[in-house]
Amino acid sequence: MADPQGKRLVVVGNGMAALRTVEELLALKADGFQITILGEEPHGGYNRILLSLLLSGEREQSAIITHDHGWYQKHGITLKAGVAATAIDRVNRTVTDAHGEVHPYDTLLLATGSHAIVLPVPGHKLPGVVTFRDMKDVQTMLEATKAGGHAVVIGGGLLGLEAAMGLLKQGMQVTVVHLLDLLMERQLDRVAADLLKEELLARGVAFYMPAQTEAILGEEKVTAIRFKDGTVLPTTLVVMAVGVRPNVDLARTAGLQCGRGVVVNDHLETSDPAILAVGECVQHREVTYGLVAPLYEQGKVIARRLAGLADAGSYTGSATSTRLKVTGIDLFSAGDFLGDGRAKPSPSWTPAAGSTKNW
Ligand SMILES: Cc1cc2nc3c(=O)[nH]c(=O)nc-3n(C[C@H](O)[C@H](O)[C@H](O)COP(=O)(O)OP(=O)(O)OC[C@H]3O[C@@H](n4cnc5c(N)ncnc54)[C@H](O)[C@@H]3O)c2cc1C
């Protein structure tokens, strides 16, 4: 277990999981921690969920910042923004960053989140091809909308549809391309998926599905996209919203046990008990998550353990729910909607879990 007396806490990642955990620790008024946070993105903390509303123009950038630099200062936290952690020395308990600076820790918290998956099709590196994961992606998309034209969003899941509606609101024509003939197939059954598609069609989104992308075309930038059936759609922007993969790069290099994510036990300890992990990078009881509700629950357990509370509790997994953030379409999905005769309501589930109002 992480040494509860060990007070040098180094956090890798400055995303929602990292900050929620630190907030929980501060709320417990646990004295004496020296906290250093290394964040690859060059900002303070922001609400990643609200990137959809930043893209659609329903929120300003300043309105999605949750932790400005003053917050870190106020709490005596050292933030290294725009600085990636590059190596962990588990024997000497240090983290080295991209500037070569060495940060000793008693407890290390990995909160490295996920990578957006990029389809490795020809042309995927062309300017005009973007994922939908961070502030930089949204800035790139907003820049592209200035010239108008046609955008193709690959992926008919939650993120793809939110990207499509955002781009539409910014004046682009948008086509959503999906591998299956069913939108949000992980959350919706056929009836609900068809209803949703009708709503989106009525708002002006076009669909090309089922379709498999074969290549992105263009010389210096994207000009079109080609599918396996030979169809070519002209486009100036391709958004890939095809899923995420837990970011285990640092953990794996450091020799920590990793599967799809960084493997943790019910105390959120990795295979090295001085190193904890939280959020989307985590694999707990074979499960990885792509939503915020689990990280809120994990953060609470970690903070209580770090604060040395006798009844710190443990993390046993989360039930999740999803809400589509498209104004005027009230879509909410929870639980195992297909069921298998064994499905039961989870005692830990509440409708508020995962809501954007939670932060
Ligand atoms: C557009 C969008 C909409 C979403 N909507 C919803 C929603 O409605 N409901 C919901 O529940 N969830 C939603 N999500 C998912 C939710 O945002 C994530 O589950 C949550 O942000 C995960 O938090 P995290 O801290 O684990 O990872 P992240 O937020 O990805 O943070 C990880 C951070 O670590 C940094 N990092 C990685 N490696 C290093 C390193 N070596 N050194 C330093 N820093 C590093 C990364 O740059 C990143 O800033 C949405 C996500 C997106 C992109």
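Bear in mind the structure is a predicted one, so any value in this text is a computation, not a measurement.

**Concerning the sheet that holds strand S11 (residues 129–131)**
Argument step 1. Sheet architecture is open: five strands sit in the order S11-S18-S12-S13-S14, paired in parallel fashion. A strand with exactly one partner marks an edge of an open sheet, and here the two such strands are S11 and strand S14 (206–208). Strand-to-strand, the axes of this sheet are offset by a mean angle of 25°, without reference to chain direction.
Argument step 2. Bridge count for strand S12 (residues 150–154) against strand S13 (residues 173–177) is five bridges, and the pairing is parallel.

**Describing the side chain of Asp 272**
Argument step 1. With respect to the helices and strands, the residue Asp 272 is situated in the loop between strand S20 (262–264) and strand S21 (275–277).
Argument step 2. Looking at Asp 272, the relative accessible area reads 9%, which means it is buried.
Argument step 3. At a separation of 2.9 Å, a polar atom in the side chain of Asp 272 contacts the main-chain amide nitrogen of Ala 274.
Argument step 4. Each residue touching Asp 272, except ones within four places of it in the same chain, is listed here: Arg 90 and Leu 256.

**Topic: the site of the ligand**
Argument step 1. Neighbouring residues of the ligand: 33 residues in total, closest Glu 41, Arg 48, Arg 133, Glu 280 and Lys 325.
Argument step 2. At 2.9 Å from a nitrogen atom of the ligand is found a main-chain nitrogen or oxygen belonging to Ala 85.
Argument step 3. One of the side-chain N or O atoms of Asn 247 is found 3.3 Å from a nitrogen atom in the ligand.
Argument step 4. Burial of the ligand by the protein amounts to 94% of the accessible area it has alone, namely 990 Å².
Argument step 5. Of all the secondary-structure elements, those providing two or more residues to the shell around the ligand are helix H1 (16–27), strand S2 (34–39), helix H2 (51–56) and helix H8 (292–306).
Argument step 6. Considering only residue class, the shell around the ligand consists of 15 nonpolar, 12 polar and six charged.
Argument step 7. Per-domain counts for the shell around the ligand show at least three residues from each of domain 1 (8–115 + 244–306) and domain 2 (118–240).

**Section: the nonpolar core**
Argument step 1. Ile 35, Ile 37, Leu 108 and Leu 110 are the most contacted members of the largest nonpolar core, which totals 52 residues.
Argument step 2. Top element by residues in this core is H8. It accounts for seven residues.
Argument step 3. Excluding anything up to four places from it in sequence, Ile 35 contacts Leu 9, Val 11, Val 22, Leu 25, Gly 76, Ile 77 and Thr 78.

**Notes on the domain arrangement of the chain**
Argument step 1. Taken domain by domain, the chain comprises domain 1 (8–115 + 244–306) and domain 2 (118–240).
Argument step 2. The centre of domain 1, based on its C-alpha atoms, is set 30 Å off from the matching centre of domain 2.
Argument step 3. Each partner contributes residues to the interface: domain 1 has 17 residues there, and domain 2 has 14 residues.
Argument step 4. With both sides pooled, the region where domain 1 packs onto domain 2 buries about 1,400 Å², and carbon together with sulfur makes up 63% of that total.
Argument step 5. Looking only at domain 1, the three residues that lose the most surface to domain 2 are Leu 51, Ser 52 and Leu 55, adding up to 42% of its buried area.
Argument step 6. Summed over the shared surface of domain 1 and domain 2, the number is two salt bridges.
Argument step 7. Residues Arg 133 and Glu 280 are paired through a salt bridge, measuring 3.2 Å at the closest nitrogen-oxygen approach.
Argument step 8. At the boundary of domain 1 and domain 2, one finds seven residue pairs in polar contact (both at pLDDT 80 or more).
Argument step 9. A breakdown of the residues in the side of domain 1 that touches domain 2 according to their chemical character gives seven nonpolar, six polar and four charged.

Analysis parameters
Counting starts from 1 at the beginning of each chain's written sequence and moves along it residue by residue. Totals for whole chains, interfaces and linings use every residue, but because this is a predicted model, local features are given only for residues with pLDDT of at least 70 and side-chain atom pairs only at 80 or more, for both listing and counting. The basis for the side-chain values is all heavy atoms of the structure; hydrogens and waters are excluded. What makes two strands pair is DSSP finding at least two bridges between them. Here a helix means four or more residues in a row that DSSP labels H or I, a strand means two or more in a row labelled E, and each is numbered from the N terminus. Angles run from 0 to 180 degrees between N-to-C directions of axes, and those axes are lines fitted to C-alpha atoms, restricted for helices to the stretch in contact. Summary of the burial criterion: residues with accessible area below 20% of their type's maximum are buried, those above 50% are exposed, and those between are partly exposed, where the area comes from a 1.4 Å probe applied to protein chains only. Identification of polar contacts relies on pairs of N or O atoms within 3.5 Å, with a donor-acceptor requirement for protein atoms, meaning one able to donate a hydrogen and the other able to accept it, and with residues adjacent in sequence counted only if both atoms are side-chain atoms. In what follows, residue pairs with any heavy atoms lying within 4.5 Å of each other are defined as contacts. Any residue with a heavy atom lying within 4 Å of a molecule or strand is counted as near it. Surface accessibility in these figures is a Shrake-Rupley result with a 1.4 Å probe; residues are shielded only by whichever protein chains are displayed. When residues are grouped by polarity, Ala, Val, Leu, Ile, Met, Phe, Trp, Tyr, Cys and Pro land in nonpolar, Asp, Glu, Lys and Arg in charged, and all others, Gly among them, in polar. Each domain's extent was defined by an automatic or database domain assignment. By nonpolar core is meant a set of buried Ala, Val, Leu, Ile, Met, Phe, Trp, Tyr and Cys residues that side-chain atoms within 4.5 Å join together. When two components associate, each loses some accessible surface as probed by a 1.4 Å sphere; the sum of these losses over both components is called the buried area. Note on definitions: salt bridges are taken to be side-chain nitrogens of Lys or Arg within 4 Å of carboxyl oxygens of Asp or Glu.

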